[in-house]
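One letter stands for each residue in the lines below.
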Amino acid sequence: MSKGKNAKYVPVKQSNTMTYVLAVIAVVVVIVVVIGGVLLLSSKEGTPADKAQEAIDKATPAFVLGKADAPTKLTFFEDPYCPACGNMERQYGEQITKAIEDGKLQVKFFMLSFLNRQSPSGDYSDRAAGGLLAIAKSSLPDDQKQKAWMGAHTAMYANQPSEGQGDKTNAEIATVLAAGAKDKGVDLPADVVSAISEGKYTVESAQNAGAGSQLMQEIGGTGTPTVVHNGEKLTVQGDWLTPLLQ
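Every residue gets a number counted from 1 within its own chain, in the order that chain's sequence is written. This being a predicted model, a pLDDT of at least 70 is required before a residue's local features are given, and a value of 80 or more before pairs of side-chain atoms are given or counted; all residues contribute to the totals for chains, interfaces and linings. Derived side-chain values reflect all non-hydrogen atoms in the structure, with water molecules and hydrogen atoms excluded from consideration.

Per an unreviewed UniProt entry, the chain goes by Thioredoxin-like fold domain-containing protein and derives from Tsukamurella asaccharolytica.

Here is the structure:
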């Protein structure tokens, strides 16, 4: 018997089993979408080490020693008045220098000054780092500038004042840094020696130190020396450098 024009359409009811299956599928789809979004966001943000290295790469170091194509790249956060930094230089400086000269290592230096307050003058770290900045800003050819900065950096720590007791005048800092450059075969130009003696770059060095301190804290550093490789902070003890250079 045919249905009349006004007969109502009554849809066939789905079974409880079909309803359950569809609900489960819907939930699974939502979970997959959420997980996919989280993974995609994570891949874009990168690991903590990736983010730390990215922050370092965006910053401007006090100086960069070594070739851009060196296979191993490190970042050093140092304070000229820091005894531990001096110990690191005296213990590993020769190995670091050789690796740089052999083209195996590049080092970015960020010079900080949170230990200023421990020096009798109240600003030794800024003045010493300002002396290194004077060399970095000099008109020396790049290869000579590298040697001069490296020698001055070594000499600065070899003649480091005792924390809380020792200090140096700008003229004394100039003498030390010039002698260090000379040890590497470079005579600092007279205008550079004068700039160090006059403390020409002390203020700029202090500004750089502030930015460097903020960067160190951003990547999780808590003091100097902090040494970073591929965004990871290293423990500087024993034969820590050799494996990195292999």
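### Describing the pattern of salt bridges
This is how it is decided: Salt bridges are defined as contacts in which a side-chain nitrogen from Lys or Arg sits within 4 Å of a carboxyl oxygen from Asp or Glu. Going along the chain from the N terminus, every DSSP run of H or I of four or more residues is numbered as a helix, and every run of E of two or more is numbered as a strand. The cut-offs for exposure are 20% and 50% of the maximum accessible area for each residue type, with area from a 1.4 Å probe on protein chains only; residues under the lower value are buried, those over the upper are exposed, and the others partly exposed.
For the structure on display, the rule yields eight salt bridges. We note a salt bridge from Lys58 to Glu54, for which the minimum N-O separation is 3.4 Å. Residue Lys58 and its partner Glu54 are both found in helix 2 (residues 48-58); the two are separated by four residues, about one turn of the helix. Overall, Lys58 belongs to the exposed group, its relative accessible area being 66%. When the shortest N-O distance is used, the salt bridge between Asp167 and Arg127 registers 3.0 Å. Taken as a pair, Asp167 in the loop between helix 5 (142-158) and helix 6 (170-183) and Arg127 in helix 4 (residues 124-136) lie far apart in primary sequence, 40 residues in all. Judged by relative accessible area, Asp167 falls into the partly exposed class, the value being 24%. Owing to a relative accessible area of 10%, Arg127 belongs among the buried residues under this scheme. A cluster of three or more residues bridged by salt bridges with shared partners is formed by Asp123, Arg127 and Asp167.

### Focus: the side chain of Thr97
Counting through the fold element by element, Thr97 comes out in helix 3 (residues 83-101). When its relative accessible area of 14% is taken as the criterion, Thr97 is described as buried.

### Describing the state of the cysteines
As a reminder of what qualifies: A pair of sulfur atoms, both from cysteines and within 2.5 Å, is called a disulfide here.
Under the defined criterion, the tally for this structure stands at zero disulfides. Here Cys82 is not cross-linked by a disulfide; its sulfur's nearest cysteine counterpart is in Cys85, at 3.1 Å. Overall, Cys82 belongs to the buried group, its relative accessible area being 4%.

### Topic: the nonpolar core
So the rule is basically this: Side-chain atoms within 4.5 Å link the members of a nonpolar core, which is a set of buried Ala, Val, Leu, Ile, Met, Phe, Trp, Tyr and Cys residues. Contacts between residues were defined by any pair of non-hydrogen atoms, one from each residue, lying within 4.5 Å.
Within the largest apolar cluster, 47 residues are counted, with the highest numbers of intra-cluster contacts made by Phe76, Ile96, Trp149, Met156, Leu177, Leu188 and Ile196. Going through the elements one at a time, strand 1 (63-65), strand 2 (72-78), helix 3, strand 3 (105-111), helix 4, helix 5, helix 6 and helix 7 (190-197) are the ones with two or more residues in this core. When residues of this core are assigned to their parent elements, the largest contribution, eight residues, is made by helix 4. Setting aside chain neighbours within four positions, we find Trp149 in contact with Phe63, Leu65, Phe109, Leu132, Ile135 and Ala136. Counting ten residues, the second largest nonpolar core, distinct from the first, contains Ala52, Ile56, Met216 and Val228.

### Topic: helix 2
The line we're drawing: Each C-beta atom gives one direction from the helix axis, and the arc is the one those directions make.
Of the residues making up helix 2, those classed as buried are Ala49, Ala52, Gln53, Ala55 and Ile56. The buried residues of helix 2 occupy an angular sector of 155 degrees when the element is viewed end-on, so they sit on one face.

### Details of unusual backbone geometry
With an omega dihedral of -5 degrees, the bond running from Thr224 to Pro225 counts as a cis peptide bond. Within the fold, Pro225 resides in the loop between helix 8 (202-218) and strand 4 (226-229).

### Here's the deal with the packing of aromatic side chains
Stated formally: Two rings from Phe, Tyr or Trp (for Trp, the six-membered ring) form a pair when their centres sit within 6.5 Å of each other. Planes less than 30 degrees apart are called stacked, planes more than 60 degrees apart edge-to-face, and all others tilted.
What the rule picks out here adds up to six aromatic pairs. The interplanar angle of 10 degrees and the centroid separation of 4.8 Å between the aromatic rings of Phe63 and Trp149 together place this pair among those described as stacked. Taken together, the residues span a long stretch of sequence, with Phe63 in strand 1 and Trp149 in helix 5 at a distance of 86 residues. For the residue pair Phe63 and Trp149, the accessibility class agrees, reading buried in each case. Ring centres 5.0 Å apart and planes at 50 degrees place the aromatic pair Phe109 and Trp149 in the tilted group.

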